[in-house]
Amino acid sequence: MTPPDNSGLEAALRAEVDGEIRFDAGSRGAYATDGSNYRQVPVGVVVPRTVEAGARAVSVCARFDAPVLSRGGGTSLAGQSTNTAVVIDWGKYCTRLLSVDPGQRTCVVEPGIVLDELNRRLSGHKLQFGPKPSTHSHCALGGMIGNNSCGASAQACGKTIDNVRRLEILTYDGLRAWVGPTSPGERERIVDGGGRLGELYAGLDRIAAAYLADIRRGYPKIPRRVSGYNLDSLLPENGFDAARALVGSEGTLVTVLRAELDLVPVPPYQSLLVLGCDDICAAGDDVPRLLEHCSPSQLEALDGRMAQLMREEGAYLDSLAVLPEGDSWLMVQYSGDSQDDVDEQAHALLRAIGRHEKDANVAFSDDPEREQKMLRAREAGLGVTARPPDDRETWEGLWPDTFSTCFHPSIAISAVRVLEDAGFRVAVPAKPVCCGLTWISTGQLPVAKKVLRRTLGVLGPYLEAGTPVIGLEPSCTAVFRSDASELMPADQDVQRLAGQFRTFAEHLVHHAPGDWRPPRLARQATVQTHCHQHAITKFDADRELMRRAHLDAEVLDEGCCGLAGNFGLERGHHEVSMAVAEHGVPPAVRGAAPGSLVLADGFSCRTQIEEGGTGRRALHLAEVLALGLDGAGLPSEHPERLATRPPEPSRTARWTTTAAAAALTAAAGAGAALRLRRKP
């Protein structure tokens with residue numbers, strides 16, 4: 001089936017909309033998923049720089065009869081942020097807190113602002129937006145309005161619908177207006193005024209009148225009812241509130257441009273009580289009994305199945321460790337004006353249900369840090385269930401490091417082959433990117449931050465979609481897993497990327513489909529681990545992947561190869577560098593059998609092995625697995641000769657090339673996408 005021609009739509013969006021227009025395969029792949037298991041590749045992506053630009057994008061799409069889908073943080077758990085539509089991503093630029101009225105406890109926001117960021121900006125007023133879903137660190141207010149999000153705080157603060165005062169909305173046919181609760185007199189004036197707004201209000205009035213009894217009977221008053229359209233908001237006793245009727249409609253009725261929200265005070269003191277239960281059913285049965293004795297500010301459950309998935313993923317194990325005994329848990333948080341007050345609320349509940357703070361199935365804390373650690377277990381659990389480790393549909397972003405791009409492109413090409421063989425679809429950033437390690441290692445931290453911010457901008461679609469990014473070079477991977485977070489601890493995108501950045505081996509071992517197996521190589525291997533693997537990423541996944549490939553691996557424990565980044569390439573350091581190497585790595589390689597493989601994932605290690613008079617060239621694990629996919633078998637001696645490498649340069653050229661490698665930076669990324677694509 002020939003895909004539809006969207007070139008005219010794309011051209012019009014580029015000409016008329018102030019924003020990033022992304023119709024490339026990588027961006028569309030990155031936006032094909034949200035926090036759920038669903039996958040829908042969009043028509044294209046628009047990242048408007050202003051709310052007005054977003055409204056203009058809707059107008060252009062309407063002209064081409066193209067469906068539109070608003071997207072915030074992409075945290076939806078049932079596929080609401082994915083569709084075969086033009087995705088409008090509000091989360092990059094439309095993130096302003098427009099106004100705050102502390103006296104009325106209200107604020108006006110743009111749809112892309114993240115909940116935690118909004119509450120941080122409101123903290124000076126000691127106010128916050130009450131609903132707090134588990135994805136509060138990256139969910140956007142527009143998404144919360146579309147989804148009618150609630151979270152653990154719903155017991156005290158209600159759902160999003162209960163905290164929305166007015167909405168500025170845009171219909172697909174171009175009507176733009178502020179809507180909210182409407183008295184009968186005001187409604188009559190709107191209808192009498194005619195026009196599209198009058199038509200819509202007249203239609204809503206007819207629906208409410210015709211189905212008044214059905215709506216009253218069919219919409220139960222359940223605190224966390226979030227299903228379907230909120231027609232009960234149109235009942236006269238509920239103020240005929242058009243804004244609240246639109247909350248939870250998932251963008252199927254209107255596009256939300258701005259929102260006026262109600263706020264609640266930030267509680268000065270909190271405590272957390274965690275009760276272990278036999279299973280999730282017992283935990284649910286306990287809730288009504290608990291509520292007879294307390295009025296918590298948060299009440300949430302954690303299922304034992306979630307905890308098991310987290311253990312399988314190796315995620316948030318420190319949070320699970322602080323939970324009390326049990327197979328499921330109830331988390332009860334209290335707020336108050338003093339520490340004594342919140343502590344007494346927790347102890348009163350324990351007395352009422354016949355438990356004690358010292359019981360093995362009880363954990364009590366009024367320490368904020370420990371509270372957050374326990375709550376993180378619940379928050380992390382949802383993400384684990386939403387993205388099972390055997391999902392073969394997921395797109396994977398491949399990090400185009402300088403060394404693979406410019407010196408050993410065979411490594412990146414091989415990685416794409418193996419990942420695709422395992423069932424993944426691979427995208428590569430279409431613009432230059434750099435990890436900034438050159439500037440970090442030389443102490444030029446302001447420049448490093450600037451480089452990283454530019455890279456985060458390019459990786460924005462991957463971050464929003466939760467797409468993993470696969471690193472092939474250990475030094476680059478270590479930057480995103482550790483250095484960048486330490487350098488920019490307050491940057492949420494840096495923290496998110498740290499969680500999404502994986503090594504090649506980690507991804508194949510922990511996330512490949514259960515029926516995938518690497519090629520059976522049946523060969524001995526001498527393996528040098530990179531210093532950043534020792535210090536940051538570790539080597540367990542690599543050992544397991546080699547075991548599955550039937551490699552008899554001797555992993556060297558001889559320390560550093562001696563090159564140490566750019567140290568061994570600098571004038572006056574070469575002799576020291578080689579002296580360090582001769583303590584173990586080159587002698588071990590020289591002693592390896594001619595038919596064995598020599599593996600080193602780090603460019604520095606490979607360079608030192610090749611320059612150290614070993615007579616051998618080292619391969620990346622991705623290259624070895626790709627060679628195994630060919631099925632032709634490896635040569636009996638020096639199997640590395642099958643790998644593609646640049647021709648051997650003269651001694652002068654070799655020194656120039658190697659020295660340049662240590663200094664190469666962001667200029668290296670532009671051609672990566674083209675070079676890594678396999679020819680059809």
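See the structure shown above.
The model shown is predicted, which means the values in this text are computed figures rather than measured ones.

Rules of the game
- Residues numbered from 1 in each chain as written.
- Predicted model: local features only at pLDDT ≥ 70, side-chain atom pairs only at ≥ 80, totals over all residues.
- Heavy atoms only, no water.
- Pairing = 2+ DSSP bridges.
- Helix = DSSP H or I, 4+ residues; strand = E, 2+ residues; numbered from the N terminus.
- Axes fitted to C-alpha atoms, helices over the stretch in contact; angles between N-to-C directions.
- Salt bridge = Lys/Arg side-chain N within 4 Å of Asp/Glu carboxyl O.
- Buried < 20%, exposed > 50% of the residue type's maximum accessible area, 1.4 Å probe, protein only.
- Core = buried A, V, L, I, M, F, W, Y, C linked by side-chain atoms within 4.5 Å.
- Contact = heavy atoms within 4.5 Å.
- Arc of directions from axis to C-beta.
- 1 Å grid on protein atoms, 1.4 Å probe; cavity = no way out; pocket = protein on both sides within 12 Å on 5 of 7 lines; lining within 4 Å.
- Points joined across faces, edges and corners; volume = space filled by probe spheres on them.
- Nonpolar A, V, L, I, M, F, W, Y, C, P; charged D, E, K, R; others polar.
- Parallel < 35°, antiparallel > 145°, perpendicular 65-115°, else oblique.
- Left-handed = near helix turned anticlockwise from the far one by under 90°.

## As for the sheet that holds strand β22 (residues 597–600)
The strand order across the open sheet formed by three strands is β21-β20-β22, and the pairing between neighbours is parallel. Edge positions in the sheet fall to β21 (551–555) and β22, since each of these pairs with one other strand and no more. Between one strand axis and the next, the sheet turns through 30° on average, direction left out of account. Bridge analysis of strand β20 (residues 523–528) against β22 gives four bridges, and the strand direction is parallel.

## With respect to the pattern of salt bridges
Per the counting criterion, the structure on display carries 30 salt bridges. Of the charged contacts, one joins D262 and R165 as a salt bridge, the two residues approaching to 2.8 Å between their closest N and O atoms. You can see D262 sitting in strand β10 (residues 255–262) and its partner R165 sitting in strand β8 (residues 164–170), a full 97 residues away along the chain. Assessed through its relative accessible area of 31%, R165 is described here as partly exposed.

## Re the sheet that holds strand β3 (residues 68–71)
The mixed open sheet is built from four strands, whose spatial order is β1-β2-β4-β3. Single-partner strands in this sheet number two, and they are β1 (19–22) and β3. The sheet shows a mean angle of 20° between the axes of neighbouring strands, taken without regard to direction. Here strand β2 (residues 44–48) runs beside strand β4 (residues 86–89); their pairing, made up of three bridges, is parallel. Residue pairing for β4: V45 is matched across the bridge by V87.

## A short note on the nonpolar core
Grouped together as the largest cluster of nonpolar side chains are 40 residues, with contacts concentrated most on L398, F504, L508, L545, L551, L599 and L625. Counting only elements with at least two residues in this core, the list comes to α17 (409–421), α23 (504–511), β20, α25 (540–548), β21, β22 and α29 (621–629). Ignoring sequence-local partners within four residues, the contact set of L545 consists of F504, A505, L508, V509, W516, P518, L621 and L625.

## Brief notes about helix α1 (residues 7–16)
Buried residues of α1: L9, A12 and L13, and no others. Each buried residue of α1 sits inside an arc of 100° when the element is viewed along its axis, so together they form one side. Of the surrounding secondary structure, the elements contacted by the buried residues of α1 are β1, β2, α3 (51–63) and β4.

## Here's the deal with the environment of M144
On the secondary structure map, M144 appears in helix α5 (residues 141–147). Looking at M144, the relative accessible area reads 1%, which means it is buried.

## Topic: the layout of surface pockets
There is about 880 Å³ of room inside the second largest pocket. Residue lining of the second largest pocket: 50 residues in total, with T75, S76, G143, N147 and S149 positioned closest to the centre. Where the lining of the second largest pocket is concerned, the elements lending two or more residues are β3, α5, β10, β13 (298–302) and α15 (368–386). Sort the elements by how many residues they give to the lining of the second largest pocket and α5 lands first, with six residues. In terms of residue class, the lining of the second largest pocket is made up of 20 nonpolar, 23 polar and seven charged.

## Quick word on unusual backbone geometry
Positive phi, close to 50°, is recorded for A522, a residue that is not glycine. Relative to the helices and strands, A522 is located in the loop between α23 and β20. Phi is positive for H550, close to 60°, though the residue is something other than glycine. Locating H550 in the fold gives a position in the loop between α25 and β21.

## Digging into the packing of helix α21 (residues 474–487) against helix α22 (residues 492–500)
Across the interface, α21 lies against α22 with an axial gap of 8 Å and an inter-helix angle of 160°. In this view, α21 runs roughly antiparallel relative to α22, as classed from their interaxial angle. In the packing of α21 onto α22, the handedness of the crossing is left-handed. Contacts from F480, R481, A484 and S485 of α21 reach α22 at V494, Q495, L497 and A498.

## Overview of helix α28 (residues 603–611)
In terms of burial, α28 is largely enclosed, as seven of its nine residues are buried. Within α28, burial applies to F603, S604, C605, R606, T607, Q608 and I609. Looking one or two residues past α28, G613 carries a phi angle of roughly 70°, positive in sign.

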